Amino acid sequence: MTGRLLAHTPRRRHNHRVNYRGRFAPSPTGALHFGSLVAALAGWLDAHAAGGEWLLRIEDLDTPRNRPGAADAIRRTLERLGLAWDGEVHVQSREIGTYRAALDALIAAGHAYPCACTRTEVASASTHVGIEGPVYPGTCRSGLPPGRSVRAWRVRVDDRTIAFDDRIRGRIEQHLERDVGDFVVHRADGIFAYQLAVVVDDAAQCITDVVRGADLLDSTPRQLWLQHLLGLPSPRHAHLPLALNAQRQKLSKQTFARAVDLDHADAAVPWLRQALAFLGQVPPPIDAGRDALLAFAIDHWSIARIPASDSIVDG
Ligand code: GLU
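Below you will find a few notes about this structure. (Residues numbered from 1 in each chain as written. Predicted model: local features only at pLDDT ≥ 70, side-chain atom pairs only at ≥ 80, totals over all residues. Heavy atoms only, no water.)

**A short note on the packing of aromatic side chains**
Right, on to step 1. What the rule picks out here adds up to three aromatic pairs.
Right, on to step 2. Aromatic pair Phe24 and Trp54: ring centres 6.0 Å apart, planes at 15°, arrangement stacked. Of this pair, Phe24 sits in strand 1 (residues 21–24) while Trp54 sits in strand 2 (residues 53–58), placing them 30 residues apart in sequence. Exposure class is identical for Phe24 and Trp54. Each is buried.
Right, on to step 3. A cation over an aromatic ring shows up here: Arg154 above the ring of Tyr136, its NZ or CZ 3.8 Å from the ring centre. (Phe/Tyr/Trp six-rings, centres within 6.5 Å; stacked < 30°, edge-to-face > 60°. Helix = DSSP H or I, 4+ residues; strand = E, 2+ residues; numbered from the N terminus. Buried < 20%, exposed > 50% of the residue type's maximum accessible area, 1.4 Å probe, protein only. Lys NZ or Arg CZ within 6 Å of the ring centre and 35° of its normal.)

Now the structure itself:
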């Protein structure tokens, strides 16, 4: 069943003549590292090459993972990189009411249901392992077992294959029931899940194009499913190759990736050059300063040159 459960009513004014609107959506869990720089640069270039807008969203719902000062540090680093964003910064923790409204709409339509299961119970009752561990066995699908109380809210999936055409990776297909199962949209710790918040925000910010790391490729079918259930438009997607360290781990705070640490704008140039090389783009002239380098990169931007496979960098 499809329905327009959530009215598509962006609260902020957007320029509707713009037919491309992208976003960069870092979680403020630490400083930007090379992997997040690649996502920011690719998104910014793709938006500018299309004559569109590029918005900044701080994904700070997962409060235990937030680090004080990280959001400001990210903003400062983007400024020094020359990657200016359009409009106000969208901060998820100020938008809780919109996620609540989306969850209420899913519940009212019977798409979301309360679940009492702990992680351990799911693991022991599950019959098979999906892309993110044991698939939820459906214990609470038709009601909470007697004497149990609600921990989380899950969204029902069904027996269909979700497919989309990624601009870098090509055709992607996932069978939600087999590979993921009914998934959590409101967590046992009271936090709205990333999958729900990102879908609500992409609609509220009128995002037409998502450019992000391929670590989120597996999440996209869940997001397409939620967009379908909520009657929201689905953006186009481009999933970038991941920057890995020598142990083939994704660069992240957890793997101690080096921070993009810029004390002035000129320090941005080597980082931007390295990111452009990683993205397979034409190298800018040797003597180009930051702004000339970025202008050159917009003119020569080619998504077709981005490799589809991950690669190792000196992180
Ligand atoms: N906040 C997510 C991250 O930092 C990105 C979400 C997205 O781009 O959809 O990995």
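And the narrative resumes.
**A short note on the environment of Arg160**
Right, on to step 1. Along the chain, the position of Arg160 falls in the loop between strand 7 (152–155) and strand 8 (161–166).
Right, on to step 2. Spatially, the C-alpha atoms of Arg160 and Gly51 are 36 Å apart, while their sequence positions differ by 109 residues.
Right, on to step 3. Filtering out sequence-adjacent residues up to four positions away, Arg160 remains in contact with Gln174, His175, Leu176, Trp225 and His228. (Contact = heavy atoms within 4.5 Å.)

**Observations regarding the pairing of strand 12 (residues 236–240)**
Right, on to step 1. With four of five residues buried, strand 12 is to be regarded as a mostly interior element.
Right, on to step 2. Alignment of strand 11 (residues 209–213) against strand 12, held across five bridges, turns out to be parallel. Paired with Val210 across the two strands is His237, which belongs to strand 12.
Right, on to step 3. Handedness of the β-α-β unit built from strand 11, helix 7 (residues 220–230) and strand 12 comes out right-handed. (Pairing = 2+ DSSP bridges. Right-handed = clockwise from strand over helix to strand, strands pointing away.)

**Some words on the pattern of salt bridges**
Right, on to step 1. Counted under the stated rule, the structure contains 20 salt bridges.
Right, on to step 2. Notably, a salt bridge pairs Asp201 with Arg57, separated by 3.8 Å at the nearest N-O pair. Of this pair, Asp201 sits in helix 6 (residues 194–204) while Arg57 sits in strand 2; the two residues are 144 residues apart in sequence, bridging distant segments of the chain.
Right, on to step 3. Judged by relative accessible area, which is 1%, Asp201 ranks as buried.
Right, on to step 4. Its relative accessible area of 0% is what places Arg57 among the buried residues.
Right, on to step 5. Across the pair Asp209 and Arg236 runs a salt bridge whose closest N-O atoms are separated by 2.9 Å. You can see Asp209 sitting in strand 11 and its partner Arg236 sitting in strand 12, a full 27 residues away along the chain.
Right, on to step 6. Bridged by salt links that share partners, the residues Arg23, Arg57, Glu59, Asp201 and Asp202 form one connected network. (Salt bridge = Lys/Arg side-chain N within 4 Å of Asp/Glu carboxyl O.)

**Some details on the site of the ligand**
Right, on to step 1. As a matter of local geometry, the ligand sits amid Arg23, Ala25, Pro26, Ser27, Glu59, Tyr194, Val198, Arg212 and Leu216.
Right, on to step 2. Ala25 has a polar backbone atom sitting 2.7 Å from a nitrogen atom of the ligand.
Right, on to step 3. Within the contact set of the ligand, a nitrogen atom lies 2.7 Å away from a side-chain nitrogen or oxygen of Glu59.
Right, on to step 4. Its residues assigned to classes, the shell around the ligand comprises five nonpolar, one polar and three charged. (Near = heavy atom within 4 Å. Polar contact = N/O pair within 3.5 Å; in protein donor to acceptor, adjacent residues only side chain to side chain. Nonpolar A, V, L, I, M, F, W, Y, C, P; charged D, E, K, R; others polar.)

**Considering the sheet that holds strand 4 (residues 112–115)**
Backbone hydrogen bonds hold the strands of a sheet together, and the pairing may be parallel or antiparallel.
Right, on to step 1. What the three strands build is an open sheet, ordered 4-7-10; its pairing is antiparallel. Across the chains shown, the open sheet's two edge strands, defined by having one partner strand only, are strand 4 and strand 10 (183–186). Direction aside, the axes of adjacent strands within the sheet are offset by 45° on average.
Right, on to step 2. Here strand 7 pairs with strand 10 via three bridges, running antiparallel. What sits directly across from Val155, in strand 10, is Phe183.
Right, on to step 3. Along the sheet face, helix 7 touches strand 7 and strand 10 and points at about 60° away from the line of strand 10. (Axes fitted to C-alpha atoms, helices over the stretch in contact; angles between N-to-C directions.)

**Observations regarding helix 8 (residues 268–278)**
Right, on to step 1. Ala268, Val269, Trp271, Leu272, Ala275, Leu276 and Phe278 are the residues of helix 8 that are buried.
Right, on to step 2. At its buried positions, helix 8 is contacted by helix 1 (34–49), helix 2 (70–81), strand 13 (243–244), helix 9 (290–299) and strand 14 (311–312).
Right, on to step 3. Looking one or two residues beyond helix 8, the residue adopting positive phi is Gly280, at roughly 70°.

**Structural notes on the state of the cysteines**
Right, on to step 1. One pass over the full model with this rule turns up zero disulfides.
Right, on to step 2. Of the cysteine sulfurs around Cys117, a residue in no disulfide, the closest is that of Cys140, at 3.8 Å.
Right, on to step 3. A relative accessible area of 14% places Cys117 in the buried class. (Disulfide = S-S within 2.5 Å.)

**Considerations on the nonpolar core**
Right, on to step 1. Grouped together as the largest cluster of nonpolar side chains are 50 residues, with contacts concentrated most on Phe34, Leu41, Trp54, Leu78, Leu83 and Leu240.
Right, on to step 2. Among the elements of the structure, helix 1, strand 2, helix 2, strand 12, helix 8 and helix 9 are those that each provide at least two residues to this core.
Right, on to step 3. Looking at this core element by element, the count peaks at 10 residues for helix 1.
Right, on to step 4. With 31 residues, the next largest nonpolar core counts Leu103, Leu106, Phe183 and Val200 among its residues. (Core = buried A, V, L, I, M, F, W, Y, C linked by side-chain atoms within 4.5 Å.)

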